Structures are given as C-alpha cells and as structure tokens.
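Geometric and topological summary
Here is how the chains run, residue by residue.
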Amino acid sequence: MSKQTTDKRVREASRRHFLRVGAALAGGSAAAGLAGTKALAEPDSNLPPNVPEWMKVPGDPTGGQLYGAPSVHEKGVVRNISKTLPQYISAASRTPLQELDGIITPNGLFYERHHGGVPTIDPAQHRLMLHGMVDRPLVFTMDDIRRFPSQSRIHFIECSGNPVYTKPYGKTASDLVGLVSCAEWTGVPLKTVLNEAGLQAGAKWIVAEGADAAALTRSIPIEKCLDDAMLVYSQNGERLRPQQGYPLRLLLPGFEGNMNVKWLRRLKVTAEPAYSREETSKYTDLMPDGTAREFSFYMEAKSIITRPSGGQKLGAPGFHEITGLAWSGHGKIRRVEVSVDDGRSWQAADLQEPVLTRALTRFRFPWQWDGKPAVIQSRAIDETDYVQPTLAELLAVRGPNHFYHNSAIWPWRIDGNGEVTNGQA
C-alpha cells in the first residue's frame, strides 16, 4: 500500500472520529444542525488534521500595520450607506449591527449623521466658549479641558429617526436600526466645567453649538447638564475620530442623537431654549390633534434581533441561538422577551452581564428550529416598566404624520429554506 493511500485513510479516520466526538458532546441531534459541521467532512488541504498553508511560512512582520486593521476576510463588515442619496453632506451611514458581537461598537463602524459634512479641525486651534448666565465667562483650550478630572462611561447614542415610520422598511438590521452604536466615552462631567464658571440664578437651559458648516445648535435642560452630561474627547480608548466630533463633543446619555453635539465650540447658559432649526422645523412631530411634539429628548426602550436577521439564512434545522441588542434612554434594560411564534407567546431571554444604564445590552435565547416557516421577534422592558410596543400600537397613538422616535417591535420572517426577511415588509 502506498504512503499516499495510507495518509488519506488516516485523515479520513481522524475526521470521522472528530465528528463522532463532536456529536456526542453537543447532544447528537442538536449538533447535526450546527453550522460548520458539514464542512468538516469535506476534503480540504487546510482542514484538520492536515497542516494548513499559513503554518508553512512566516506571517507578516511585526509593525507591518502601525494602525491595526481587520482581517482581509472581514472587508465586507463596513458601515452601510445608501448609494442613491441626492447628496452626502447632510446624510447618515449605519452600523452593521448584524455583523457585530457584544455591546461595544468599533470606532470605525460607529454610525454617522452629519448636517454639514465632517470638518477637519486642528485641536491646537479649537476652543470651547462658555458664556451667558454665568459668573465667569470662560474660553477653554483642549489642554484646559483635559486638565479637569476625567471619567469613562459606556453609553449608546441613537438617531431619533432610527427608523422612520414610513415605508419602505429596511431589509437588514442595519437598514432598520443601524443608526445606533455604543462606546466607552472618556471626558469631563459637564457639571464640573459649569461649576468652574458659576451658574447664575434663573439658568434653565444651555444652548450647545457645533463647529461644523451647519453650526448645529440644540437647547439642553439644565437638569441634564448637571446630571450625567459629559464633554467627551476620547472614544473606546483613543481620541475621537473626526466623524464622531474630534476634538470635542457633547454626550447626553439617553437623549436623541442630534443633541450630542459634535465638534463642540460653544455653550451658552440661558433662561429659555433657543428654538433653533433643529428643534422646530426638525426633530419635532405633528400629532393627530394638530399640535407639535417637541423636546422629545429621551429615546424609548427598543430591541432588535441581529442573528438570525434579514439577509441571513439558517443552514439547517436544529439548534440556533437567537441574539440581539436592547437599549433604553430611560435607564437599564430589565428584561427582554423573545417570541418564535409570531407574537402568540413570549419567553425571557438571557441578558449578558453587566447590564449598564443607557447602554446596549446583549440578549441571547436558545431555539430549536424545526425547519418550518416562523416569525421571530423581541421586545424590551426597561427599569421604568415601559414595554416596547408594536408598530400598530405606536401609530394608533402618534398618528401617520409622526417621523421620529419609532421604538416598535420588528419581526423577522423565516421561510422553509431558512431565508430571513423583514416581517413588516
């Protein structure tokens, strides 16, 4: 018998042994539905017990990438932006939620929403002016800001139009609610800087202005400014990127995204709100009785299943982990429930610890798919006992002219072939 034939038999015997052991450990029938099991039985020179090609030569030298980049095999994991927008100065790009794990969004995938493009700012020339109803008007350099005692906190930021109420609805989790991301932010509590200037009696609002071409301006209640608001200069351990407000941005945990003013240059303490463009003609909603809903600061409790989700496919019947994200601008997520029968029944999902206030929370639910069509969905309940509603329930209260703050449950439809599509489309 030739050495080549002997080696082939040894390899095949090793593969059969691996599959038998794997099936026993995973519970037999459950293992049969696990992705990847079938591929192990297919001939491939790079599969165990063969020695793969990348073990036969040295890899890239140290320092080949002085700023690390993802594997070339992950080059498709990028921000999602429409290719048919009329212009890209006032536009948004979305986080690929369905491709991510955990709760932290990598800086390069953090969603963007800009109103006047992304400015290029020299931090040595950037200043933050604090004036208005204060005892001591002040102008800070970035070095001045970094001299204050700092802190780091994990919070999400979400666009209030994530998603809008009108069709067409998106195909993927990113299309639907990709205008939300979560990071560890480092900076200075805003109240520390306000104390340095000294607030005057009657101070009720702070008007924040960005240094972009739109000079985006929003009014913030003084209570929020003295609570958990931050002046942020770092994100996930490195300095803010230009798309996220470099060199300085405002962070208002739980408030709608546009209020977290980027490229922050000015804070004016006032007795009244500014009623700027972004809080009158934009970021307000017409209610059924003809009144306008304004200053809708907080983002309500929301969740989305990210796997399996739209655009994905279940490989085979058997065990599949349902996983996704939940969040609330009003505090911590208390519970996430999952339905696999089109909302007829709900079961509690496991929440990944630690569950943080006003941060993304990862949930997981074990599911045995029988290979038949199904509709899966999740709903979040936060610590105020707010329960994520259906789209029909929201529209019944807010009417057809509403645009912002859509916190509806979003179902995914799975057909008999395992294809996953938008359940509302």
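The structure we're discussing is the one just above.
Now for a quick tour of the structure. (Residues numbered from 1 in each chain as written. Predicted model: local features only at pLDDT ≥ 70, side-chain atom pairs only at ≥ 80, totals over all residues. Heavy atoms only, no water.)

Considering the overall build of the protein
Counted only if it meets this: By the criteria applied, helices consist of DSSP H or I runs no shorter than four residues and strands consist of E runs no shorter than two, each listed in order from the N terminus. When accessible area is computed with a 1.4 Å probe and restricted to protein chains, residues below 20% of their type maximum are described as buried, those above 50% as exposed, and intermediate ones as partly exposed. We get accessible surface area from the Shrake-Rupley algorithm with a probe of 1.4 Å; when it comes to residues, only the shown protein chains can shield them.
Scanning the protein from terminus to terminus reveals eight helices and 23 strands. Residue burial in the protein is summarised as follows: out of 425 residues, 47% are buried. Of the roughly 20,800 Å² that the protein leaves accessible, carbon and sulfur atoms contribute 54%.

Comments concerning the sheet that holds strand β20 (residues 361-369)
Quick reminder of the rule: Note on pairing: two strands pair once DSSP finds at least 2 bridges between them.
Pairing is antiparallel across the open sheet formed by four strands, whose spatial order is β15-β16-β20-β19. Looking along the sheet, the strands with just one partner apiece sit at the ends: β15 (302-307) and β19 (350-351). Bridge analysis of β19 against β20 gives two bridges, and the strand direction is antiparallel. Bridge pairing in β20 places aspartate 350 opposite arginine 364.

Concerning the environment of histidine 126
Quick note on the threshold: Contacts: residue pairs with any heavy atoms within 4.5 Å of one another. Polar contacts, as counted here, are pairs of nitrogen or oxygen atoms within 3.5 Å of one another; within protein the pair requires one atom able to donate a hydrogen and one able to accept it, and residues that are adjacent in sequence qualify only if both atoms are side-chain atoms.
By the element assignment, histidine 126 lies in the loop between β2 (112-114) and β3 (128-132). Through-space distance from the C-alpha of histidine 126 to that of phenylalanine 140 is 8.7 Å; in sequence the pair is 14 residues apart. Setting aside anything within four residues of it in sequence, one finds histidine 126 in contact with Ile121, Phe140, Thr141, Met142, Ala211, Pro247, Leu248, Trp263, Leu264 and Arg265. One polar contact links the side chain of histidine 126 to the main-chain carbonyl oxygen of leucine 264, over a distance of 2.7 Å.

Re the layout of surface pockets
With a probe scaled to a water molecule rolled over the atoms, the places where space remains empty come into view. Stated formally: The distinction between a cavity and a pocket rests on a 1 Å grid over the protein atoms alone: a 1.4 Å probe fits inside a cavity but cannot get out, while a pocket stays open yet meets protein on both sides within 12 Å along at least five of seven lines, and a residue with an atom within 4 Å of a point counts as lining. Grid points are joined across faces, edges and corners, and a volume is the space filled by probe spheres set on the points. Each residue receives one of three labels: charged for Asp, Glu, Lys and Arg, nonpolar for Ala, Val, Leu, Ile, Met, Phe, Trp, Tyr, Cys and Pro, and polar for the others, Gly being one of them.
In this model, the largest pocket occupies a volume close to 940 Å³. Forming the walls of the largest pocket are 35 residues, and the residues nearest its centre are Leu85, Ala92, Arg94, Val164 and Leu179. Of all elements in the fold, only β1 (91-93) and α5 (173-177) reach the threshold of two or more residues within the lining of the largest pocket. With three residues, the top contributor of residues to the lining of the largest pocket is β1. Class assignment for the residues of the lining of the largest pocket results in 15 nonpolar, twelve polar and eight charged.

A few points about the environment of cysteine 225
Mapped onto the secondary structure, cysteine 225 falls in helix α7 (residues 222-225). Each C-alpha atom of the pair cysteine 225 and tryptophan 205 lies 8.6 Å from the other, and the pair is 20 residues apart in sequence.

Structural notes on the pairing of strand β12 (residues 264-270)
Along any regular strand the residues' side chains alternate between the sheet's two faces. Here β3 pairs with β12 via four bridges, running parallel. Looking at β12, one finds that leucine 130 is bridged to leucine 267. Strand direction decides the pairing type here: strand β7 (residues 205-210) and β12, joined by six bridges, are antiparallel. In the strand pairing of β12, tryptophan 205 is matched with threonine 270.

Structural notes on the side chain of threonine 270
With respect to the element layout, threonine 270 can be found in strand β12. Once residues lying within four places of it in the same chain are set aside, the contact partners of threonine 270 are Met133, Gly202, Ala203, Lys204, Trp205 and Val207.

Overview of helix α6 (residues 190-197)
Put simply, the rule reads: The reported arc concerns the directions from the helix axis to the C-beta atoms and nothing else.
Within α6, burial applies to Leu190, Val193, Leu194 and Ala197. The arc that holds every buried residue of α6, seen down its axis, measures 100 degrees, which confines them to one face. Positive backbone phi, at 85 degrees, marks glycine 198, one or two positions downstream of α6.

A closer look at the pairing of strand β17 (residues 333-339)
Most of β17 is tucked away: five of the seven residues are buried. Pairing of β17 with strand β21 (residues 374-382) involves six bridges; the strand directions are antiparallel. Considered in β21, the bridge of arginine 335 is made with isoleucine 381. Of the pairings in the sheet, the one linking β17 to strand β18 (residues 347-348) comprises two bridges and is antiparallel in character. By the bridge assignment for β18, glutamate 337 is matched with alanine 348.

Distances and angles like these do not, on their own, reveal function.
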